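Read off the chains here:
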Amino acid sequence: MKHLVVALSLSLLAAVFTPAHSADTKKADAAAVVQLQQRMDAAEKHYRDAMLAEDEDAAATATTSALAEMKAVVDACTKQRGCAVDTMLTTYERLLKATPQFDDGMPAADEDPLDERDFTAASVPDTANAASLLSEDGQRFVKMVQFNPAVQAGIRRWLTDMRPSLMDSYENYRYMQAQMAPAFKQHGLPEALLFGIMAKESNGKVHVGSRAGAVGPLQFMPATGRRFGLGNDGSGFDTRYDPKASADAAAQYLSERMAQLNNSIELSLAGYNGGEGRALRVFRDTGGRSFWDPDVYNQFPAETKDYVPMVIAAAWLFLHPKEYGIRWPSVSSRPSTITLAQPASLYELTICLGNWGSRDGYLRALRNLNPRWAADDMLPAGTSLNATFRISWLYRFNCAHGQRMALAKQLMASNVQSALVRVGEPTPAGSPQVAVATPAPSAAAAVPERKPAKPVKARHYKVKRGDTMSEIVRKFDCDLGDLAQANKLRKPRYALKPGQSLKLEGCKG
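Residues numbered from 1 in each chain as written. Predicted model: local features only at pLDDT ≥ 70, side-chain atom pairs only at ≥ 80, totals over all residues. Heavy atoms only, no water.

**Details of the overall build of the chain**
Okay, so step 1: Within the chain, the regular secondary structure consists of 21 helices and four strands.
Okay, so step 2: Per-residue burial for the chain yields a buried fraction of 42% across its 509 residues.
Okay, so step 3: Expressed as a percentage of contacts within the chain between residues at least 6 apart in sequence, the contacts between residues at least 24 apart total 69%.
Okay, so step 4: Entry remark: accessible area of the chain is about 27800 Å², with carbon and sulfur atoms responsible for 55%. (Helix = DSSP H or I, 4+ residues; strand = E, 2+ residues; numbered from the N terminus. Buried < 20%, exposed > 50% of the residue type's maximum accessible area, 1.4 Å probe, protein only. Contact = heavy atoms within 4.5 Å. Areas by Shrake-Rupley, 256 points an atom, 1.4 Å probe, with all protein chains shown as cover.)

**Concerning the state of the cysteines**
Okay, so step 1: Taken as a whole and assessed by the stated rule, the structure comprises three disulfides.
Okay, so step 2: Here Cys-352 connects covalently by a disulfide to Cys-399, the sulfurs 1.9 Å from one another. Disulfide Cys-352-Cys-399: torsion about the S-S bond near 105 degrees, hence right-handed. A residue pair is termed long-range when its members are at least 10 positions apart, and Cys-352 in helix 15 (residues 346-353) and Cys-399 in helix 17 (residues 389-399) qualify at 47 residues.
Okay, so step 3: Owing to a relative accessible area of 0%, Cys-352 belongs among the buried residues under this scheme.
Okay, so step 4: Each sulfur in the disulfide pair Cys-478 and Cys-507 lies 2.0 Å from the other. Between Cys-478 and Cys-507, the S-S dihedral sits near 105 degrees, and the bridge is therefore right-handed. (Disulfide = S-S within 2.5 Å.)

**Some details on unusual backbone geometry**
Okay, so step 1: The phi angle at Asn-262 is positive, at roughly 55 degrees, despite the residue not being glycine.
Okay, so step 2: Tracing the backbone shows Asn-262 in the loop between helix 10 (243-260) and helix 11 (265-274).
Okay, so step 3: Despite not being glycine, Lys-488 has its phi angle at roughly 55 degrees, a positive value.
Okay, so step 4: Counting through the fold element by element, Lys-488 comes out in the loop between helix 21 (480-486) and strand 4 (501-503).

**Brief notes about the confidence of the model for the chain**
Okay, so step 1: On average, the chain scores 79 in pLDDT, and the residues at 70 or more come to 76%.
Okay, so step 2: Mean pLDDT values over the elements of the chain span from 41, in helix 4 (residues 130-134), up to 96, in helix 16 (residues 363-369).
Okay, so step 3: Contacts for the low-pLDDT stretch residues 1-18, under 50 throughout, to residues beyond four places or in other chains number one contact. (pLDDT = per-residue confidence, 0-100.)

**Details of the pattern of salt bridges**
Okay, so step 1: Counted according to the given criterion, the structure contains 16 salt bridges.
Okay, so step 2: The salt bridge partner of Arg-39 is Glu-69, with a shortest N-O separation of 2.9 Å. Within this pair, whereas Arg-39 is found in helix 1 (residues 2-50), its partner Glu-69 is found in helix 2 (residues 56-79), the two being separated by 30 residues in sequence.
Okay, so step 3: Owing to a relative accessible area of 28%, Glu-69 belongs among the partly exposed residues under this scheme.
Okay, so step 4: Asp-75 is the salt-bridge partner of Lys-71, the closest N and O atoms lying 3.4 Å from each other. A residue pair is termed a helical-turn pair when its members lie 3 or 4 positions apart in one helix, as Lys-71 and Asp-75 do in helix 2 at four residues.
Okay, so step 5: Through salt bridges with shared partners, a single network forms among Arg-227, Glu-256, Arg-257 and Glu-276. (Salt bridge = Lys/Arg side-chain N within 4 Å of Asp/Glu carboxyl O.)

**Here's the deal with the packing of helix 11 against helix 14 (residues 302-319)**
Okay, so step 1: The N-to-C vectors of helix 11 and helix 14 enclose an angle of 125 degrees; their axes lie 9 Å apart at closest approach. Our classification of the angle between helix 11 and helix 14 gives oblique. Crossing of helix 11 over helix 14 shows right-handed handedness. Contacts between helix 11 and helix 14 pair Glu-266, Leu-269, Ala-270, Tyr-272, Asn-273 and Gly-274 from the former with Glu-303, Thr-304, Tyr-307, Val-308, Val-311 and Ile-312 from the latter.
Okay, so step 2: Split into classes, the residues belonging to the contact of helix 11 with helix 14 amount to seven nonpolar, three polar and two charged. (Axes fitted to C-alpha atoms, helices over the stretch in contact; angles between N-to-C directions. Parallel < 35°, antiparallel > 145°, perpendicular 65-115°, else oblique. Left-handed = near helix turned anticlockwise from the far one by under 90°. Nonpolar A, V, L, I, M, F, W, Y, C, P; charged D, E, K, R; others polar.)

**Notes on the side chain of Ser-336**
Okay, so step 1: Among the secondary structure elements, Ser-336 is positioned in strand 1 (residues 335-339).
Okay, so step 2: A distance of 3.4 Å separates polar atoms of two side chains, one belonging to Ser-336 and the other to Ser-392.
Okay, so step 3: Excluding its chain neighbours within four sequence positions, the residues that come into contact with Ser-336 are Leu-385, Asn-386, Ala-387, Thr-388, Phe-389 and Ser-392. (Polar contact = N/O pair within 3.5 Å; in protein donor to acceptor, adjacent residues only side chain to side chain.)

Below is the structure:
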């Protein structure tokens, strides 16, 4: 009976005090939710204030700290009764998307940049896919790099006098990797081979051209380019300069050579450099022997003999940097876009972006990612440009508002001639200096009269089939604007017709 009374008493006490306790809990939960919302609001303000700071390093640190606080608030919200996780998460995700993710998946400095197994393409025959080409069970790619003295000599050159070129090639390639690598992987070709060709051909500079007429990051000649869909796209732009299009064409070209030449990387590269006809003829005449057979090797010109091992050497270093003490440049290359808030040229953008996060600034990256535009073309507001998350963040930080863009425009508009001011007639050497106040010369007297120069007869050039405006500009060292204006050609197409006579105004060559 005593136990029953105690039990009933406890039940009554619970009935009396539970509602009060539940009310207190609700108040505590509500207070906690308010506190979390206040933390989220403060973190968001901290983030937005950081975006207005004058120092990029401080801004990056502050925005990262603010995002970390927001993430902590979201985590706490998931454990707090009554907290609207969706609301908190929306704020966090909105600002996260506006922030460059500078850690973009790059490996640590002592790790290889990629896994050879990633090259495998399930839809590609085993005899052609990259895993087979790089495997240890009889394929030559790895073994030749390990043991062939010519390739080892190429590695030595890349690691000594040519190391700066190798580093530049890697940095330039990383910006274009998302555009170029998929084509090689889809054709079952090693990405390292793409890097090796690009390093040797152009160092990853999209606008490079040779005296023979090859242009672009992979240096396609006009006729070869046309076979694989490259050339004038109808607007006056030559797609040989386009990283994605040229990589796709190169993958198709090498796949053709590999099929013809018994999957020989060396002979395929020899065909890429020295002509596919020569490579096929030598292959057939020698019964399919190796490129390194003296009877084969000696039938190629010196340039090709140098080209093949240098490409393979660069490809090998791309795959195995740690073995040779290479620390690749850290590149934040995650793709993004910029929509211009005001008219600007790539030169102006380069100035206003600064070089935070990149020793050399972003002109080469902007040009490589936007090959259609010359660096001094004035692009209208609303133009969309390819960029990276870091570049797009720097654009919002430095170029969309504030004085940096105004400064860039002032610098680009500056002209040396405007700095020259005549303050009086020159005094002959040896003449006594007499301090005599003289009135300022009139504008007419300030500049001595000059006899008009005899007019120079303008040169002309007859447009040939396949010519593009960019090729003519490079061939004759022309100013694109002057040449276009003299011939009434409108951008961006600069349309040319075979047989058309161009007046070579603004050309030095």
